[in-house]
Structure formats: C-alpha cells, structure tokens
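Chain residues, written in single-letter form:
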Amino acid sequence: MASSQPPSEPPPPKPSVPPSSDEGKEEQDRLDVPGLLLDNAPPWLVSALVHMLGLIVLSLLLLPRLSSEEISLVVSPVWAEKLGEQLEWDTLMGDEADPAEEPIVTPTDLPEVPDPIAVPLPLDVTDPGAALSTDLKSPQIGLALLGRQEGMKKSLLAGYGGTAETQAAVELGLEWLARQQQKDGSWSLVGPYANGATDENRVAATAMALLAFQGDGNTHRGGRFQTNVARGWNWLYKKQDADGNFYSEGPNYHRYYTNGQCAIAICELYAMTQDKQFREPAERVIAFLLKSQSPLGGWRYSPASDSDVSVTGWIVMALQSARMGGLKVPDDNLKRIERFLDGVALSGGSRYPYQRGEEPRLAMTAEALLCRQYLGWQRSDRRLIEGLDWITKEENLVDYERNRDVYYWYYAAQACHHMEGPHWKRWNERMRQAVPEHQVRTGKEAGSWDPMKPTMDEWGPNGGRLYVTCLSIYLLEVYYRHLPLYSSPFVNPPAAQEE
C-alpha cells in the first residue's frame, strides 16, 4: 500500500552568517597565503611552476587519445602451429614412469550394413591364443579427468602444445553444438544442419554432444555450457531401460557403439561431479556391457556373440571411464579383452585389423594400442613403440587431402598423447594446424566441420556433420581431456618444466 505521507526531503541549508570585520580580515589573510608566497617568490621558481603546469595540461590533453587506442589480436590458422609450447622431453617427469595398471536380443543373421565406425568382414573364430601380457593396476586412473578443471586445463594446453587457435576452435565447435540442441534437450544425427547422417540415432547423437561439452570441463553443475549439459542429461537419463541399455533406435550395428558412448558420458559425469544420482545408472550400463561380453573377449553388434576391434575399443574406454569414477570393473573381464587383442594382433602385436585374419588398418591399430595403454602396456614396450612409429609416419599423419579419417585421428591422437615424446610431437605439429584450419568459419554452420569438404571424410556420408564435428572437438580437447598415463602433471606440471 502506498504511503499518504510525502517523501522526506533533505533539510534546507543553514543560512550563512557574514563574519565581522576583524574576523573577515583574518580570514582573508589565511586565504591569500598562496598569493603572498608568489609575490615574494624568486623569478626562477615562478618560471618552474608555470612550465610544470603547462606539462600537466598537455598530458591531460593527450591522455584521452592514448587511452582510446584499441589493441586487437587476430588469430589466423596460418599461425596456429607457432602459438603454443611444445614439450621436447619424453615425459613430463623426464624419464620412464611406472607402467599403467592394471535387452532386446537381435537375430545374428541380419545383413551387414556399411557403417561409419565398423566395416563388417568374416570372422575367424579359431583359438585366439597368446598369453596375457600385462597386469591391470593403474594408480593414475582416478585422476584422469582432473585436467578438465580450468587451471589444469590451461597448464596442460600450453605444456602439450595446444594453441590459442586449437582452443578457439573447441569453443566455436561447442557453440555450433549448442545451436543444434533440440527443444527437448536432445541432439540429432540427421539434422536440421546440412550433410546429416544416413540413419537417425538421437541417443548416440546426444551422448556424442555431451562428451564434447564434458571434455572441455562443462557439467550440469558448472561451465559455460552448463545449461546445455543439464538439458541433455535430463533427456538422455530417461532413455536407459531397467537392464542398463540405452540403445533404442537406429540400425542394429549402432547398438554397442551407442551403449559405449552413453557409458563413457555418464561415467565421466559421475567422476567429474560425484553426483550420486548418476552412480546407479552408470553401474547399470557397465553391468549391461560386462554381461554382453563375447566369449572371444570383445564386443560387436549383438550381445555375447562375436568381437571386432572397433566396437571393443569404445567399450574398453567405457570401462576405463567407470574406473575413473571409482566404479568396480572385474579384472577377469579386462583380461578377456587382453586375450582378444592378443588373438587378432599382427606384426608381433604392433598392428591390428578390424577382425582376425584381415589386413592391419591404421584406425584399428590406433584404437587397439590405446586399449593396450589403458590395460597396462608400459611406455617402453617395443610393440607400442613400433605401432606408433607406423602411425606417425609422414604419410599417415593428419591430411585432409590424402587420408581424411577423423575416426582414425581420434584414436591416434590419444595414443600419441599418452606416449608423449617424439611420437606426440610429430602428430601434434600436424594436427593442431590442420584441424582448426578446416573448421567452417562463416554462415549458419560456423563452428562445425563439413563431412564432405574439402574432401570426403572416410565415414562422412554415414556419420554426418555432427559425428565429424564431435570427433574433431575431441581431437582438439586431447591436451587436457585425459591426463597422460605415463607421467604425472601433479608432480611436475608442464608449465613449470624446462627443456
């Protein structure tokens, strides 16, 4: 209710009282002290004061012009490789570190379909052979996601050769993803952007988008894209069934890729926030994956049927993400994965095919070697060194004109980053220049990567723009997305090291 009283006003000023004549003369004498001083000052002092006042006035006249000058920094892709710091030493600690440790049943006779992340070929089910090669302890696994925190992120970005341009590309890519989020919080593989995928799978699209945001440190509790993450999880959280399965649409061969991506995303979120509401669904999807493991030791399109390196790699990273969050993964399941990889390995363990009996492929080799790193191969292992020697040959480095395959690059970047040293330096010098340089910079698709231009990505028509963009963002988050397995930035941060 409004008051009937008028608003209060400040009291009027007290009337001034003129001083008496004697008081006035005394007051005037006090006020004229500066004048008296000037009347009795020597000429040189007066001249000095005049010049000083002139300089002050001149400075005040020039100051607005100086302060209005704007300094602008234009980051050009051509400079990108010159902006960061590149580690020259083998590891952050300078020497060798300790080894890393430790549904609906679908018919299996469905016709094979070309797929952006798996090429079906016949499986040789002969005895996989080969003894176990590692122990499975990993003392740093629980610290793996701490590099996404703001202070650590900046330190790792500089220390591992990231640049202003690589991080700007990440931010621009995340802005594009934020614009593509649907009203219900999900993302789509097929559009509404240009060059979408051939098949829809909103669960997989949403998991991939969330992985991109979380890789840069955003969660439902904080970060520049907090709202996008919260809305995305509000939608995806409800898609899990009682068995732990997230897959609900798309071709059959999407089933375990989808569950692997969702498992990585939810385990990461739990590890980053320790939000208890995500622990039980994370444990449920991990239990679903473990129950689906093939007798051969890996995963493929249907539960407990056969195995290929491509699908298995996604599941291995899901299991490692669970361990990052402190969730239990039995050693026996990890040992079975080792037996599968031993059974398909070629060239003494340094190269890998999609399935047993095939020719080695770069993408499968990079993916399998990353699995080996997480499952315990030491950094000095000859097989790991030889495999990464092959990956980092000049003709196998990032090249949009000759071998554009962002799926291969995604796994190779991670394996080289964990390895550090010359393998990482060779890979990163090319990647940090080429990937930002080919990001779309104008128009409504600004921030994305075109799956068809300047050349067609290996799986661009199948995976579409969102798939290619998300993997490209993961590539440029590699500096801090996971801490290196063989050295500890907490013991010797990269920014504090000297060559």
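If you're wondering where the values come from, they're calculated on a predicted model, not measured in any experiment.

Reading guide: rules and limits
- Residues numbered from 1 in each chain as written.
- Predicted model: local features only at pLDDT ≥ 70, side-chain atom pairs only at ≥ 80, totals over all residues.
- Heavy atoms only, no water.
- Axes fitted to C-alpha atoms, helices over the stretch in contact; angles between N-to-C directions.
- Helix = DSSP H or I, 4+ residues; strand = E, 2+ residues; numbered from the N terminus.
- Left-handed = near helix turned anticlockwise from the far one by under 90°.
- Contact = heavy atoms within 4.5 Å.
- Nonpolar A, V, L, I, M, F, W, Y, C, P; charged D, E, K, R; others polar.
- Phe/Tyr/Trp six-rings, centres within 6.5 Å; stacked < 30°, edge-to-face > 60°.
- Buried < 20%, exposed > 50% of the residue type's maximum accessible area, 1.4 Å probe, protein only.
- Lys NZ or Arg CZ within 6 Å of the ring centre and 35° of its normal.

J.: Explain the packing of helix 5 (residues 164–180) against helix 16 (residues 460–481) here, please?
T.: Packed helix pairs are specified by the crossing angle of their axes together with the interaxial distance, meaning the distance between the axes. Contact geometry of helix 5 with helix 16 gives a least axis separation of 9 Å together with a crossing angle of 145 degrees. Between helix 5 and helix 16 lies a crossing whose hand is left-handed. For the pair helix 5 and helix 16, the contacting residues are T166, Q167, A169, V170, G173, L174, W176 and L177 in the first and R465, L466, T469, C470, I473, L476, E477, Y479 and Y480 in the second. The class makeup of the residues in the contact of helix 5 with helix 16 is 11 nonpolar, 4 polar and 2 charged.

J.: Help me understand the packing of aromatic side chains, please; the structure alone is not making it clear to me.
T.: Between two aromatic rings, the relevant description is the distance of the centres plus the angle of the planes. Counting across every chain of the model gives 15 aromatic pairs. Centroid distance W176 to Y193: 5.2 Å. Interplanar angle 55 degrees. Geometry classified as tilted. Within this pair, whereas W176 is found in helix 5, its partner Y193 is found in the loop between helix 5 and helix 6 (202–215), the two being separated by 17 residues in sequence. For the pair W176 and Y193, one class covers both residues: buried. Residues Y408 and W427 carry aromatic rings whose centres are separated by 5.8 Å and whose planes lie at 80 degrees to one another, so their mutual orientation is edge-to-face. You can see Y408 sitting in helix 14 (residues 406–419) and its partner W427 sitting in helix 15 (residues 421–437), a full 19 residues away along the chain. For the pair Y408 and W427, one class covers both residues: buried. Here a set of aromatic residues connected by ring pairs shows up, and it is made of W314, Y407, Y410, Y411 and Y474. Taking NZ or CZ as reference, K153 lies 5.4 Å from the ring centre of Y480, over its face. For the cation-ring pair, R300 lies above Y301, with the distance from its terminal atom to the ring centre recorded as 4.6 Å.

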